[in-house]
Amino acid sequence: MEIKLRYHLSIIALFFGLLLPAFNSNAQWWKKADEAEKERSKGMLLLTTEVQTEATVAINQMYNFHFPEAEREFNYLKIKYPQHPLPDFLLGLMQWWKIVPNTRNEVYDDRLIEYMDQSIEKAEKIYDETENPEAAFFMAAAYGFKGRLHAERKHWTRATLAAKNALKYLEYSRNFADFSPELMFGDGLYNYYYFFIKQNFPLLRPVLWLFPKADKSQGIAQLEKVSYQAFYTRTEARYFLLQIYGIENMNEKAYGMAKYTSETFPDNPYFHRAYARSAYMNGNIQEASALCKEILRRIEQHQIGYEGTSGRYASYILGYYALYVYRDHAEAMRYFKQCMAYTKETDATDSGYYWASVLGLARISYQQQHYDEAVDFCKEVLERAEKKSPQHTEAKKLLSESKKARRKKR
């Protein structure tokens, strides 16, 4: 566009000499604007307006699960900036989001690690030559995602090493204030999950001695700030806040965040099911039902990212409503069995929704006076569900009631 503009202005200037000074002035304006942009970005690709504009479209496509479109844009950036770590990092991030709907899926693991390693390699070269804080930022981010995947796979030694590297480069990046909203993302995760690991993973507590102390409340506040102020990491912050709000029983905040992210990225299955779950947890029956039915419809249509994990959430919620709100036993049984099928399909029979579905079938059998079936369903829950789970406690109580009712019937 700029070349064409200058060309046409040049032709006009040849015929109308009076316009030539204006053209020269315009050229000086572009030169000054280019210099101002370089000064503003301090020579760092992440901060240039052009790259932010180009990346925004592709990043939004990625979060909306339009992966082919996103990949084309990321590869264009890779051609345009072959020595910069940004394109490889974004391509690696895209592999992570292919995993997100079902984190047991290991198909994309190798490509994620490969892209993050390439990003680290390019960042290291820049860092060694210039100590550029942007390069340190990418090393922190890429190591962070490697640690995230290794932790998901329970490769604790690899996860610990990756986390230590991430923190090392994150510390250096703090010297550059213009990255503060992005850097706060790493700080927020660290501050919150330090305590989460300490409380939920006793075997990993000795490892925490290797890391600095943290502040859980500050971690949540930092992630909330990132979710509105950061450019590159705001959606990642929202992804984690959805999980944290669930863990901390902040149901109203979870609902607001889930609704916003799902409406922003309407084809993202993770945000879709988070919205459905939040509506369910907040008692929004009509809204949750509509969202769940739409999830199941998209699974049937094989829409990208919609699979058994989302199906497990949706079918359980619909089964719950059918049993406890509408008293429709046939519909409840259909959805509970569908939930169990999706759960087995994704090898997630340790999930709470699976055992709640089995327990739901036990209650239906009890109410229909099929006490033998009720006893069998309760025994299955007691034998295999986690003993501290509410499903285990309820199954124990219902088993006793079913046995008493069976004796009276005989």
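Within each chain, residues carry numbers counting from 1 in the order of the written sequence. Where local features are concerned, this predicted model is filtered to residues with pLDDT of at least 70; where side-chain atom pairs are given and counted, the filter is 80 or more; whole-chain, interface and lining totals use all residues. Calculated side-chain values reflect all of the structure's heavy atoms, with hydrogen atoms and water omitted.

Any carboxyl oxygen of Asp or Glu that lies within 4 Å of a side-chain nitrogen of Lys or Arg is treated as forming a salt bridge with it. All chains considered together, the criterion is met by 16 salt bridges. A salt bridge links Lys259 to Glu263, with the nearest nitrogen and oxygen atoms 2.8 Å apart. With Lys259 and Glu263 both in helix α12 (residues 251-264) and 4 residues apart, the pair spans about one turn of that helix. Overall, Lys259 belongs to the partly exposed group, its relative accessible area being 28%. Its salt-bridge partner being Asp372, residue Arg406 comes within 2.9 Å of it at the nearest N-O pair. In this pair, Arg406 sits in helix α19 (residues 390-409) while Asp372 sits in helix α18 (residues 371-384), placing the two residues 34 residues apart along the sequence. Put simply, Asp267, Glu294, Arg297 and Arg298 are held in one network by salt bridges that share partners. Secondary structure follows DSSP: runs of H or I at least 4 residues long count as helices, runs of E at least 2 residues long count as strands, and numbering of each begins at the N terminus. Working definition: with a 1.4 Å probe on protein chains only, accessible area under 20% of the residue-type maximum means buried, over 50% means exposed, and in between means partly exposed.

Before going further, it helps to spend a moment on the packing of aromatic side chains. Geometry of aromatic contacts follows a simple scheme: Phe, Tyr and Trp rings, the Trp one being its six-membered ring, pair when their centres are within 6.5 Å, and the pair is stacked under 30 degrees between planes, edge-to-face over 60, tilted otherwise. The tally for this structure, following the rule as stated, stands at 30 aromatic pairs. The interplanar angle of 85° and the centroid separation of 5.0 Å between the aromatic rings of Tyr192 and Tyr193 together place this pair among those described as edge-to-face. Per residue, the accessibility class of Tyr192 equals that of Tyr193, and both read buried. Relative to Tyr320, the ring of Tyr316 lies with its centre 6.2 Å away and its plane at 45°, an arrangement referred to as tilted.

Once that is clear, we can look at empty space enclosed by the protein. The distinction between a cavity and a pocket rests on a 1 Å grid over the protein atoms alone: a 1.4 Å probe fits inside a cavity but cannot get out, while a pocket stays open yet meets protein on both sides within 12 Å along at least five of seven lines, and a residue with an atom within 4 Å of a point counts as lining. Grid points are joined across faces, edges and corners, and a volume is the space filled by probe spheres set on the points. Overall, the coordinates contain 2 cavities of 30 Å³ or more when judged by the stated rule. Quantified by volume, the largest cavity comes out at close to 80 Å³. Lining the largest cavity are Ala55, Thr56, Ile59, Asn60, Tyr63, Phe231, Tyr232, Arg234, Thr235 and Phe265. Of all elements in the fold, only α3 (49-63) and α11 (234-247) reach the threshold of two or more residues within the lining of the largest cavity. Top element by residues in the lining of the largest cavity is α3. It accounts for 5 residues. A breakdown of the residues in the lining of the largest cavity according to their chemical character gives 6 nonpolar, 3 polar and 1 charged. Of the pockets and cavities examined, the second largest cavity occupies roughly 30 Å³. At the level of elements, α12 and α13 (269-281) are the ones that each hand at least two residues to the lining of the second largest cavity. Each residue is assigned to one of three groups, with Ala, Val, Leu, Ile, Met, Phe, Trp, Tyr, Cys and Pro labelled nonpolar, Asp, Glu, Lys and Arg labelled charged, and all others, Gly among them, labelled polar.

Let us look at the packing of helix α14 (residues 285-300) against helix α16 (residues 329-345). Inter-axis angles, ranging from 0 to 180 degrees, are taken between N-to-C directions of lines fitted to C-alpha atoms, where helices are fitted over the stretch in contact. Interaxial distance between α14 and α16 falls to 14 Å at its minimum, and their mutual angle equals 50°. The orientation of α14 relative to α16 falls into the category oblique. When you trace α14 past α16, the crossing you get is left-handed. Note on element contacts: α16 touches α14 through Tyr335, Gln338 and Tyr342, opposite Lys293, Leu296 and Ile299. Its residues assigned to classes, the contact of α14 with α16 comprises 4 nonpolar, 1 polar and 1 charged. Every angle not falling under 35 degrees, over 145, or within 65 to 115 is termed oblique; those three ranges are roughly parallel, roughly antiparallel and roughly perpendicular. Crossing handedness: left-handed means the near helix sits turned counterclockwise from the far one by under a right angle, and right-handed means the same turn made clockwise. Note on contacts: a residue pair qualifies if any of its non-hydrogen atoms lie within 4.5 Å across the two residues.

Let's shift gears to a negative patch on the surface. A contiguous patch of negative charge, built from Glu121, Glu124, Asp128, Glu129 and Glu131, is present on the exposed surface. Take Glu129: it is sitting in helix α6 (residues 109-130). The exposure class assigned to Glu129 is exposed, which follows from its relative accessible area of 60%. Patches were defined on residues exceeding 30% relative accessible area and lacking a salt bridge, with like-charge contacts within 9 Å and nonpolar side-chain contacts (Val, Leu, Ile, Met, Phe, Trp, Tyr) within 5 Å. The accessible surface values rely on the Shrake-Rupley method and a 1.4 Å probe; as for residues, cover is taken only from the protein chains in view. We score Asp and Glu as negative and Lys and Arg as positive, and we do not count His or the chain ends. Taken as the charge centre is NZ of Lys, CZ of Arg, CG of Asp or CD of Glu, depending on the residue.

Turning to the packing of helix α7 (residues 133-152) against helix α8 (residues 156-173), a few remarks are in order. Packing of α7 against α8 brings their axes to within 7 Å, and their N-to-C directions diverge by 160°. Classified by the angle between their axes, α7 and α8 sit roughly antiparallel to one another. By crossing handedness, the relation of α7 to α8 is classed as left-handed. Contact residues: Pro133, Ala136, Phe137, Met139, Ala140, Tyr143, Gly144, Lys146, Gly147, His150 and Ala151 in α7; Trp156, Arg158, Ala159, Ala162, Asn165, Ala166, Tyr169, Leu170, Tyr172 and Ser173 in α8.

Okay, the nonpolar core next. Take the buried Ala, Val, Leu, Ile, Met, Phe, Trp, Tyr and Cys residues and link them wherever side-chain atoms come within 4.5 Å; each set so joined is a nonpolar core. In terms of nonpolar packing, the biggest core is built from 112 residues, with Met62, Phe74, Trp96 and Trp97 touching the most fellow members. With 11 residues, the single largest contributor to this core is α7. Not counting the four nearest positions on each side in its chain, Trp97 is found in contact with Met62, Tyr63, Phe65, Phe67, Glu236, Tyr239, Asn268, Tyr270 and Phe271.

Moving on to the environment of Ser310. Secondary-structure assignment places Ser310 in helix α15 (residues 308-324). Sequence spacing of Ser310 and Ile299 is 11 residues, and the spatial spacing of their C-alpha atoms is 8.4 Å.

Here we come to unusual backbone geometry. Residue His302 is not a glycine yet carries a positive backbone phi of 60°. When you line up the elements, His302 lands in the loop between α14 and α15.

A helix's residues, less one, multiplied by 1.5 Å, set its expected span. If you check helix α5 (residues 85-99), its first and last C-alpha atoms are 22 Å apart, about what 15 residues at 1.5 Å a residue would give, namely 21 Å. Across the 15 residues of α5, 15 count as buried, placing the element largely inside the fold.

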